[in-house]
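Chain residues, written in single-letter form:
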Amino acid sequence: MDFTFSEEQQAAVEAARAVFTGIAPDGVPSPALTTGAVADDFDRALWARLADADLLSLLLDGEYGGAGLDAIALCLVLRESAKVLARVPLLENTTAAVAIQAYGSAELKEELLARTGRGETVLTVAAHGRTGHDPAELAVVARQEGDTWVLEGTQTTVPWAYNTDAVLVPARTGDSGRTVLALVPRSHEGAVLAEQLSTTGERLAELRLESARIAERYVLDTEGAWESVRLLLTTGTCALALGLAEAALRMTSEYAGKREQFGHPIATFQAVAVQAADRYMDLRAMEATLWQAAWRITSGTARALPAAGDVAVAKIWASEGVRRVVQTAQHLHGGFGADTDYSLHRYHAWAKHLELSLGPAAAHEESLGDLLAVHPLG
């Protein structure tokens, strides 16, 4: 088995590192220091640099100005972005663009993809359902009236909805029970946003659709489209969790090597070393399951379990692993870890968001159990 990344994937990592090098996590807006949302917009300057480095068009085909790479390359870039707490909708924008490329009409691709790759049009995805615990595709009902689709329902905790141009919304049709994906403009009749806040302090939105009429050209009506979107979003979230956890553990290692107690660095104490080693094992498990999931959704290789099983395993490890890593980091830093002049508390807030985003570990354990019941191993 070959676990090395391709030259193109490694080049994407190098480009990402060059872009993210100038970001100081200490300068990321802190939810502990801000009442309400930490900012009115995402980091537009960083977004422009990502566009200039061709990282917004990473998965787009060459005819739209893209590199034609895969989910593995995207996860490598997302991993780097999370290490510095990059405040950009890279995962959501890329996922929506990939869905349009795979399932949209030629007219829709021509209208949006090149602009999305250049950062001129920004997209996000509603993927948390009505409450954050129920399937997202059940939160909105869609019915077709001639060449228009009418949407009714509510999607909660939509990331970056106030600052992107359109939201890709899954909706269930009443006649056949299939799921369609509708591209809803931010300012659209029948679409109302209500502010919500993440643990990171970022502004989320509850999207209420009240007889919102969407032209047929902006609706992706292909079997399997929503499933592919959900799997890519979840796998990308695992990549973000891995990058964040790696950064938090590195901070902890550096601190423990310098912080002295009883005349010795606390890193030399057995209790500290054992806890750090346990968290390192968490990171390696998060990494292995992430690349397995990314490879499955990229390759389409048939196995006893569908790709959703590998993605569920990756999200279980990502949710549990990132939580344990930041908890141990806080513990080994002592009171210094809660100091708002130090960046660790930011990582802790972001970790909690990623742990619960698209479902906590328990939800994915249940999904995995359902898959095993239908696809028994052996």
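Everything here concerns the structure above.
The sections below set out a description of the structure shown in this document. The model shown is predicted, which means the values in this text are computed figures rather than measured ones. Along each chain, residue indices are assigned from 1 in the same order as the chain's sequence is written. Under the rules for a predicted model, residues below a pLDDT of 70 receive no local features and side-chain atom pairs below 80 are neither given nor counted, while totals for whole chains, interfaces and linings still include all residues. Values reported for side chains reflect all heavy atoms of the structure, with hydrogen atoms and water molecules removed beforehand.

Remarks on the pairing of strand β5 (residues 179-185)
Among the seven residues that make up β5, six are buried, leaving the element largely enclosed by the rest of the structure. Here, a strand pair is defined by DSSP locating no fewer than two bridges between the strands. A run of DSSP states H or I qualifies as a helix once it reaches four residues; a run of E qualifies as a strand once it reaches two. Both are numbered from the N-terminal end. Note: strand β4 (residues 166-173) against β5, seven bridges, orientation antiparallel. Within the sheet, the bridge partner assigned to A171 lies in β5 and is V180. What sits between the antiparallel neighbours β4 and β5 is a turn of five residues, in which G177 has the positive phi angle 75°. With two bridges connecting them, β5 and strand β8 (residues 219-220) associate as antiparallel partners. Each residue of the ladder has a partner; that of L181, found in β8, is L220. Each residue is assigned to one of three classes by its accessible area relative to the maximum for its type, calculated with a 1.4 Å probe on protein chains only: buried under 20%, partly exposed between the two thresholds, exposed over 50%.

A word on the pattern of salt bridges
Whenever a carboxyl oxygen of Asp or Glu lies within 4 Å of a side-chain nitrogen of Lys or Arg, that contact is scored as a salt bridge. As enumerated under the stated definition, the model contains 28 salt bridges in all. Salt bridges linked by common partners bring E14, R17, R79, E80, K83, E246, R284 and E287 together as one network.

Here we look at the side chain of E287
Along the chain, E287 turns up in helix α7 (residues 270-299). In the analysis that follows, any N or O atom pair within 3.5 Å is treated as a polar contact, provided that within protein one partner can donate a hydrogen and the other can accept it, and provided that, for residues neighboring in sequence, both atoms belong to side chains. Engagement of the side chain of E287 in a polar contact is seen with the side chain of R79, the distance being 3.2 Å. Beyond its immediate sequence surroundings of up to four residues, E287 is in contact with R79 and L242. Throughout, a residue-residue contact means that at least one pair of heavy atoms, one from each residue, lies within 4.5 Å.

Some points on helix α8 (residues 307-333)
Here α8 is 27 residues long and its end C-alpha atoms lie 38 Å apart, about the 39 Å a rise of 1.5 Å per residue gives. Trailing α8 by a residue or two, G334 shows a phi angle of about 65°, which is positive. Here the expected length of a helix is defined as 1.5 Å per residue gap, with one fewer gap than residues.

Topic: helix α5 (residues 106-117)
With 12 residues, α5 should reach 16 Å at 1.5 Å per residue; the first-to-last C-alpha distance of 16 Å fits that figure. For α5, the set of buried residues is L108, K109, L112, L113, T116 and G117. Burial along α5 is one-sided: seen end-on, the buried residues are contained in an arc of 120°. Lining the buried residues of α5 we find α4 (90-103), β1 (123-125), β5 and β8. The positive-phi residue at the C-terminal boundary of α5 is G119, with phi of around 85°. It is the directions from the helix axis to the C-beta atoms that the arc portrays.

Section: the environment of G174
Note on placement: G174 falls in the loop between β4 and β5. The exposure class assigned to G174 is exposed, which follows from its relative accessible area of 67%. Taking the C-alpha atoms as reference points, G174 and Q144, 30 residues apart in sequence, are found 9.7 Å from one another.

Remarks on the packing of aromatic side chains
Between the rings of Phe, Tyr and Trp (Trp by its six-membered ring), a pair exists once the centres lie within 6.5 Å; its type follows the angle of the planes, with under 30 degrees stacked, over 60 edge-to-face, and the other angles tilted. Under the counting rule described, the total for this entry stands at three aromatic pairs. An angle of 70° between the planes, with centres 5.1 Å apart, marks the rings of F5 and W291 as edge-to-face. With F5 in the segment before α1 (7-20) and W291 in helix α7, this pair connects stretches of sequence that are 286 residues apart. Judged by its relative accessible area of 14%, W291 is buried. Here a set of aromatic residues connected by ring pairs shows up, and it is made of F42, W47 and W160.

As for unusual backbone geometry
We note that L85 has phi near 60°; this positive angle belongs to a residue other than glycine. Topologically, L85 is positioned in the loop between α3 (71-83) and α4. With a phi close to 45°, T157 is a non-glycine residue in the positive phi region. Residue classification places T157 among the partly exposed residues on the basis of a relative accessible area of 24%.

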